[in-house]
Every structure is written in structure tokens, then in C-alpha cells.
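These are the residues of each chain, in order.
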Amino acid sequence: MKFKDYYQTLGVARDATPDDIKKAYRKLARKYHPDVSKEGDAEARFKEIGEAGEVLRDPEKRAAYDAAGSQWARQQAAGQGPGREQDFAPPPGWDAGYEFSGRGDADGDARDHSDFFEALFGRAARGQPRRRPEMHMAGQDHHAKVLIDLEDAYQGAQRGISLRMPALDDEGRGVLQERVLDVNIPKGIREGQHLRLAGQGGPGLGSGPAGDLYLDIAFNPHRLYRVDGRDVYLDLPVAPWEAALGASVSAPTPDGSVELTIPAGSVGGRKLRLKGKGIPGNPAGDFYVVLAIALPPSDTPKAKAAYEAFAAGSDFNPRAHLEGGTR
Amino acid sequence: MSRYQFTTEVVEEDVHLSLAELCRACHAPEEQVRVWVIEGVLEPVGASPQEWRFKGPSLRRARLALTLTRELDINAPGVALALDLMDEIAALRAELRRAGEG
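Residues numbered from 1 in each chain as written. Chains lettered and ligands numbered in written order. Predicted model: local features only at pLDDT ≥ 70, side-chain atom pairs only at ≥ 80, totals over all residues.

1. Concerning unusual backbone geometry
Counted only if it meets this: Numbered from the N terminus, helices here are DSSP runs of H or I no shorter than four residues, and strands are runs of E no shorter than two. Neighbour density around each residue's C-beta defines its exposure: 20 or more other C-beta atoms within 10 Å make it buried, 12 or fewer make it exposed, and counts between make it partly exposed, where C-beta atoms are placed from the backbone.
Between Asn282 of chain A and Pro283 of chain A the backbone carries a cis peptide bond, its omega angle lying at 5°. In this structure, Pro283 of chain A sits in the loop between β10 (271-274) and β11 (287-293). Although it is not a glycine, His27 of chain B sits at a positive phi angle of roughly 60°. By the secondary structure assignment, His27 of chain B is in the loop between α2 (19-26) and α3 (30-39). With 18 C-beta atoms packed within 10 Å, His27 of chain B lands in the partly exposed category. Of note in this structure, Asp73 of chain B is not a glycine but carries a positive phi near 55°. When you line up the elements, Asp73 of chain B lands in the loop between α4 (58-72) and α5 (76-98). Exposure remark for Asp73 of chain B: the 12 C-beta atoms within 10 Å place this residue in the exposed category.

2. Quick look at the sheet that holds strand β7 (residues 231-238) of chain A
All names here are of chain A. Under the convention used in this document: Here the rule is simple: two strands pair whenever DSSP picks up at least two bridges between them. Lines are fitted to the C-alpha atoms to define the axes, a helix being fitted only along its stretch in contact, and any angle between axes, read from their N-to-C directions, falls within 0 to 180 degrees.
With respect to topology, 4 strands assemble into an open sheet ordered β6-β7-β11-β10, the strand pairing being mixed. Looking at strand neighbours, the two that pair on one side only are β6 (225-228) and β10, the edges of this open sheet. Each adjacent strand pair in this sheet contributes to an overall mean axis angle of 25°, direction not counted. The pairing of β7 with β11 spans 7 bridges and is classified as parallel. Its bridge partner lying in β11, Leu236 is registered against Leu291.

3. Considering the sheet that holds strand β5 (residues 213-219) of chain A
Spatial strand order, β1(A)-β5(A)-β4(A)-β2(B): 4 strands in an open sheet with mixed pairing. Two strands bound the open sheet, and with one partner strand each, they are β1 (142-148) of chain A together with β2 (9-10) of chain B. Across 7 bridges, the pairing between β1 of chain A and β5 of chain A is parallel. What sits directly across from His142 of chain A, in β5 of chain A, is Leu213 of chain A.

This is the structure in C-alpha cells:
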């Protein structure tokens, strides 16, 4: 396990004041918030920043982290040999004397912590519910993001979805338990929608009912299609003569291939709409074919001759609109 | 490892959440959700909090509002503004995607 430098993650000095840390954290959190940021790795960065912030903004956790860090640094300095320098393991009993009260988010919304964090703060930080047999309480609702294929939304599907869920073991301690759920993906589901699985969340306390599980649906990126809400887009390459003269071509859709009429005189970028062939529903989405004119290569004498014959028979000037002015 | 099987509901289409259900689903205190309603972050139907029914898409909005509140320390009017701006960004990005740029 690598030692995580939370100070470096936030770009602050080890002796930074709580205000400095807060400021640096907020700035980075805003920058990498996955709902705002366009950075490709925003989600991963946001998670790292969140974890660093969770530790360094909490005086108890920061003190514990600093203590573990300086102990680790001493071991490094004592020369435990090269090759070991990346390895970090919390020294036994290091956390004696620290009691984590857990901040406001002791609601068990299990933030996905790194192994490093888990090793340091482990269960103590997870705000595990204490066993109180006389208490009856509904279990917590859980959330998980799942990726499905666009085709599943067209046809509906049953998918085994594997989740690591926080659960209580026999002694009432929080553990991560892997389970596979056979989930019915309803036909017509769209990205960003949620599936609710009643009673599949956290277990209730006492005779309280179990919580619900919410699955946040997203699509795997598709080789051919772009999705926008209910509508689906395909870039369809056509030859110049197909666009100019019109043609009947076949195009794939997630529902199988369709015969498509390209109107004569089409230009690149023209959108042909197949009404109701997007994601099914009420109303169903539309399927758009966006024409992309593909130029045939001119790498054979025959192809060159064809281009030359075409040029000879045409007075087409692609730059006509540029003429007659430098202003 | 065990396998389970069951049917599912699409929150955005089949489900209307009560105040208590929404709070449970997004792990937000009731007081917080009431403030969001006052600020227009969420717009339930129903006259009183007991009668409030939140449409399915409120779940995503409430979860986002909670992140902004907790992770970025933004107050309720700020959350309302941020969510409106995010909606606008989403609409613009969708427009870009339709144009084949995105």
C-alpha cells in the first residue's frame, strides 16, 4: 500500500492552517466536481480530494494522520531498505488514544475510501451503527452506479450486477459484502434515471424494514451511437455520389438494421430522422442518422482518372464564397 | 456470494416520493429538504410538508444539492443558483452533442 500524501493532494504545506486547508479544499472540490468539471479524470480526482479533505479538515483525523505519517517517515529514515519505501502499513496499535467521533456524514453513505484510508481509519470512521437491540429502525437506502449497454435500454434485459455493499456481520461490525443482483433492466430506461429495488438496501435494526437500493443508470460508451436523452445518433458515411444522386443504403440501429433513403442533393451533416426509433418509451425517442461524406481514395490510376473526368465535367468552385474581398 | 432476483421500478417514471422517503433516499435531514423547497431547489406538489410529493427527478437534484452543501459548503440560495446553472450547462452540452461536437 502506498502512503498517501493528503497535503500534496490539496497542494498545501504540512503546517497549513485549518483555513488554508479549507480554502484549498473548496477550490479543488469546485474544480473537479464531476457534475461541473470537463476534466476526464474528474471523478477520480474529486474522490481523492474528498478523502484528503475529510482527513485534513477534521482535527482528530488530521492529528492521527500526522502521527501515522511521522512514524512512517522515521521508519523510512531508519533505512528499512530500498524497495520498501512505497510500502505503508499502519504500525500496530498506532491509533490507541484516538477516538473518532465522526463528523456530520456519519450517515453511512459509504464514501468509497481508498485502501490507505481504510487501513488508517477503517471501521471507526465508517460511522457504523451501534447494536441497540431495543431499537427498531428502518435500514438505510443505498445507492450504486451501474453501467448498462444501450441495447439493454432498447430491448430490456436481465443483468447480473455485482455490488460491494456495506453490511453488518454477526458481531454487528460493518463489513463490505459482495453480492450479485439479477436486475430487470426495463425497456426504455435512460441514462441518469434511477432504478429502485425495494428492500435491497441496508438491513433494518430490530424489526425495522430494510432500506431500498437505488441504481443510478449510465450507458457504456458505444462504438457507433451517441445518446442524448431519448434520442440516439449515428454518423453514417456516404459516398459523394450517394449524397448527390440519392441512394438507398442500410444503416445499423440498436434494434437491427434499417433501409434508408438518402435524398438526392444531400450535404454532409444532413440529419435524417427516424421517428420513434430512439429509446423506446412514451413518447419514444428518435433515431438520427447524420450523413458524413466520405471521399474515395485516389490511390489507383483508375480512381485518379475518375476524379479527372469529374473535374473536367464540372465548373464547381468550392471557394466561390471567398472571392471578391480581403476584408 | 448469493444471488437475488426481483423486479424494479424506474424512479423517474413510476415513483413519487414523500418527504420522508426523499430524506431517506438521499440521506438528508428533513430540515434541509424543507429549506431547499423554500429556496426553490425542489418543487413538490402538495400544500403542506405532510402532503408533499416529489417527482422522481427530484432524487437526483436532492443528491446533488446535498453534495454541494456538504462538500463545498454552499448555502441554500447558492445551491439553487448552482443547480439552475448546471441545468443550463447540461442543456448547452446536449445542444453541442446534437450538433455532433460533443
